[in-house]
Amino acid sequence: MAEVKIFERPKSMTDVSTHYCPGCTHGIVHRLVAEVIDELGIQEKTVGVAPVGCAVLLYNYINTDMYEAAHGRAPAVATGCKRVRPDLTVFTYQGDGDLASIGAAEIVHAANRGENITVIFINNAIYGMTGGQMAPTTLLKQRTTTCPFGRDPKANGYPIRVAEMLATLEAPGYIARVTVARPKYVIKTKEAIKKAFQTQIDGKGFSLVEVLSTCPTNWGMRPTEALKWLEENMIPYYPLGEFKLPN
Amino acid sequence: MSNRVLMKGNEAFAEAAVQAGCKYFFGYPITPQNEIPEYMSKRLPEVGGVYLQAESEVAGINMIFGAAGTGFRTLISSSSPGISLMSEGISYIAAAELPCVIINVMRGGPGLGGILPAQSDYFQATKGGGHGDYRLLTLAPGTLQEATEFIMMAFDLAEYYRNPVMILADGFMGQMMEAIEFKKVKLNYDIPDPKEWAIGYMAERGKRALIKSLSLDPEMLEKHNQKLQEKYRRMEEKEVRYESVGVEDADVVIAAYGTTARIAKSSIKKLRDQGMKVGLIRPQSLYPFPYKPFNDLPDGVKHVLVVEMSCGQMIEDVKLGVQGKVPVSFYGRCGGMAPSVEEIEEAAKKLLG
């Protein structure tokens with residue numbers, strides 16, 4: 001009987017090992033993005049924009065044209081590219097420090113312009129690369145290296161719900177929150193990423209998928225404990241769902 | 001029949017860019033350069049281009065990073081505080097070797113300063129501005145006519161060297177009106193085809209493009225820096241530009257650029273009419289700086305007078321050029337004040353004794 005290949009590396013992923021910590025969920029999301037690019041048949045017409053943070057080396061893993069942007073500025077870089085080459089599919093991939101803190105202005109205005117780009121937003125409630133500092137999405141009472149007694153709203157305010165905040169704007173085409181905490185959620189996440197890319201291809205404006213993710217290393221947990229912590233603590237505060245659908 | 005048109009500086013800068021084939025502009029309002037984005041917002045749609053008002057100078061320069069990565073001609077303009085905000089992005093653009101043109105219509109600083117003309121961003125333009133070992137090719141036009149020609153040339157230079165080029169103008173040049181003839185300026189340089197390196201040609205090239213400045217391996221980063229430095233050495237050999245007037249028989253040589261040089265020319269004419277021998281060296285490229293004419297001053301020159309609309313910035317490069325052979329003095333006005341013809345005349349007379 002002829003050999004049938006039932007699983008392989010997506011074409012839009014390079015053949016290298018990632019630098020991510022054991023149990024980190026970035027690898028899953030990278031793969032989903034690459035699978036979607038393959039399935040849409042747009043590898044040679046897709047451009048990614050890497051952030052500053054753990055995913056800064058995204059360009060080593062996603063096998064398409066790539067930019068590496070300054071901290072928080074990926075939506076501006078994507079805007080510049082897309083305005084000159086509307087024929088290309090342009091996406092950014094950003095963490096919570098990059099997108100919701102230093103890049104808050106860029107993401108709000110790209111969304112408000114209905115910029116026809118796709119944003120993959122990894123929310124793991126912490127700064128990963130720099131060693132576990134407080135993020136704008138860090139949960140109340142969650143301990144980090146810069147809120148060692150737990151996040152106190154009197155000092156640091158409340159965790160920002162980015163998907164809901166951007167969904168108040170008129171222009172965005174598609175906004176959803178998903179997670180990769182369990183295989184059933186992973187399937188939903190891939191569907192959301194595909195919808196987001198399709199929104200852009202159809203010219204329906206800004207699309208964003210917020211992916212609730214883990215950071216076992218900086219949360220100080222085993223990978224399985226981290227997934228459980230995400231489900232029990234993050235999902236209640238950051239509800240999953242679609243907040244905006246294309247017309 | 002003459003093809004000259006009467007235009008405001010800022011609008012002429014914008015039109016020159018359009019005529020050089022620039023179709024993409026990302027800007028943010030700041031005085032005294034607002035007529036550039038305003039002009040572009042109505043002009044670029046006529047040529048099938050894009051004008052986009054960014055949410056900030058920070059976003060604007062990063063839009064340029066994205067747009068320049070496609071290999072198409074891009075322009076951004078601002079004034080002093082806005083250029084400070086862009087400086088991080090300019091460092092990234094230089095590091096990633098992207099071509100673009102940046103116009104700084106300088107106003108008085110530091111801080112929010114004022115909105116009137118100044119030349120106090122010389123250090124920022126020529127010695128860094130942003131972080132790291134990078135250089136901006138910096139051109140300082142003296143008239144609006146020259147500005148339009150430099151802007152057209154700047155796009156060729158940016159593409160040839162794959163480096164950002166800054167046009168350092170001042171508020172006078174942005175706001176004044178003058179008769180201009182738009183000439184086609186084209187450098188006879190062998191400019192590489194953007195398809196060899198830019199975003200968006202993966203299929204044609206058979207290889208993806210990677211536009212980045214991160215380099216975590218120190219040996220690789222050192223090599224990248226050495227490559228950039230070689231490029232800067234080539235610029236220093238090939239792109240030095242200056243105007244020299246009446247230096248041969250001069251007792252005093254005035255060093256000034258931009259609008260200040262224009263005022264100094266009137267002072268020099270008055271001084272010459274009174275029999276005093278005063279010449280002018282007007283740097284047109286600030287980086288690379290024309291050190292040689294200052295190093296090769298004729299034996300008769302007894303004194304150099306640097307005149308700037310700043311508290312003394314270019315004077316440091318003039319001194320490097322003169323190398324202590326003759327005294328170098330300074331006359332400057334700042335904060336939006338300009339030296340008058342008479343003030344420069346007086347300053348030169350003091351040196352003539």
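Quick summary incoming for the structure in this document. (Residues numbered from 1 in each chain as written. Chains lettered and ligands numbered in written order. Predicted model: local features only at pLDDT ≥ 70, side-chain atom pairs only at ≥ 80, totals over all residues. Heavy atoms only, no water.)

Further remarks concern the pattern of salt bridges. Residues and elements named next belong to chain A. Across all of its chains, the model carries 42 salt bridges over all chains by this definition. Put simply, Glu 39 and Lys 190 hold a salt bridge, and the shortest N to O gap is 2.5 Å. With a gap of 151 residues between them, Glu 39 in helix α1 (residues 26-40) and Lys 190 in helix α7 (residues 183-201) connect regions that are remote in the sequence. Its relative accessible area of 43% is what places Glu 39 among the partly exposed residues. Beyond isolated ion pairs, a larger network of salt bridges with shared partners links Arg 31, Glu 35, Glu 39, Lys 190 and Lys 194. (Salt bridge = Lys/Arg side-chain N within 4 Å of Asp/Glu carboxyl O. Helix = DSSP H or I, 4+ residues; strand = E, 2+ residues; numbered from the N terminus. Buried < 20%, exposed > 50% of the residue type's maximum accessible area, 1.4 Å probe, protein only.)

This paragraph deals with the side chain of Ser213(A). Residues and elements named next belong to chain A. Within the secondary structure layout, Ser 213 lies in the loop between β6 (207-212) and α8 (216-219). Using a relative accessible area of 1% as the deciding quantity, one classes Ser 213 as buried. Among all residues touching Ser 213, those that are not within four sequence positions of it are Thr 25, Ile 122, Asn 123, Asn 124, Val 180, Trp 219, Leu 230 and Met 234. (Contact = heavy atoms within 4.5 Å.)

Moving on, we get to the sheet that holds strand β15 (residues 328-332) of chain B. Residues and elements named next belong to chain B. Read from one edge of the open sheet, five strands run β10-β12-β11-β14-β15, paired in mixed fashion. In the strand order of this sheet, the two ends are held by β10 (242-245) and β15, each with one partner. Across this sheet, the average inter-strand angle for adjacent strands is 20 degrees, counted without regard to direction. Most of the contacts of helix α12 (residues 315-322) go to β15, to which it runs at about 165 degrees, and overall it touches β11 (252-255), β14 (303-308) and β15. (Pairing = 2+ DSSP bridges. Axes fitted to C-alpha atoms, helices over the stretch in contact; angles between N-to-C directions.)

So, on to the interface of chain A and chain B. Opposite the 33 residues of chain A that make contact, chain B presents 32 residues. In this structure, the connection of chain A to chain B is made through one salt bridge. A salt bridge links Arg113(A) to Glu55(B); the shortest N-O distance between them is 2.9 Å. Our enumeration of links across chain A and chain B arrives at 11 residue pairs in polar contact (both at pLDDT 80 or more). At the level of elements, β2 (65-68), α2 (74-84) and α4 (104-112) of chain A are the ones that each hand at least two residues to the side of chain A that touches chain B. Broken down by element, the residue count for the side of chain A that touches chain B peaks at seven residues, all from α2(A). (Polar contact = N/O pair within 3.5 Å; in protein donor to acceptor, adjacent residues only side chain to side chain.)

It is worth spelling out a nonpolar patch on the surface at this point. On the surface, Val4(A), Ile6(A) and Phe7(A) cluster together to form a nonpolar patch covering roughly 410 Å² of accessible area. Note that Phe7(A) resides in the segment before α1. (Patch = residues over 30% accessible without salt bridge, like charges linked within 9 Å, V, L, I, M, F, W, Y side chains within 5 Å. Areas by Shrake-Rupley, 256 points an atom, 1.4 Å probe, with all protein chains shown as cover.)

Residue and element names in this part refer to chain B. The N-to-C vectors of helix α10 (residues 258-273) and helix α13 (residues 341-352) enclose an angle of 60 degrees; their axes lie 8 Å apart at closest approach. Classed by the angle they form, the pair α10 and α13 counts as oblique. In this structure, the crossing between α10 and α13 has a hand that is right-handed. Here α10 contributes Thr 260, Ile 263, Ala 264, Ser 266, Ser 267, Lys 270 and Leu 271 to the contact with α13, which in turn contributes Val 341, Glu 342, Ile 344, Glu 345, Ala 348 and Lys 349. Partitioning the contact of α10 with α13 into residue classes produces six nonpolar, three polar and four charged. (Parallel < 35°, antiparallel > 145°, perpendicular 65-115°, else oblique. Left-handed = near helix turned anticlockwise from the far one by under 90°. Nonpolar A, V, L, I, M, F, W, Y, C, P; charged D, E, K, R; others polar.)

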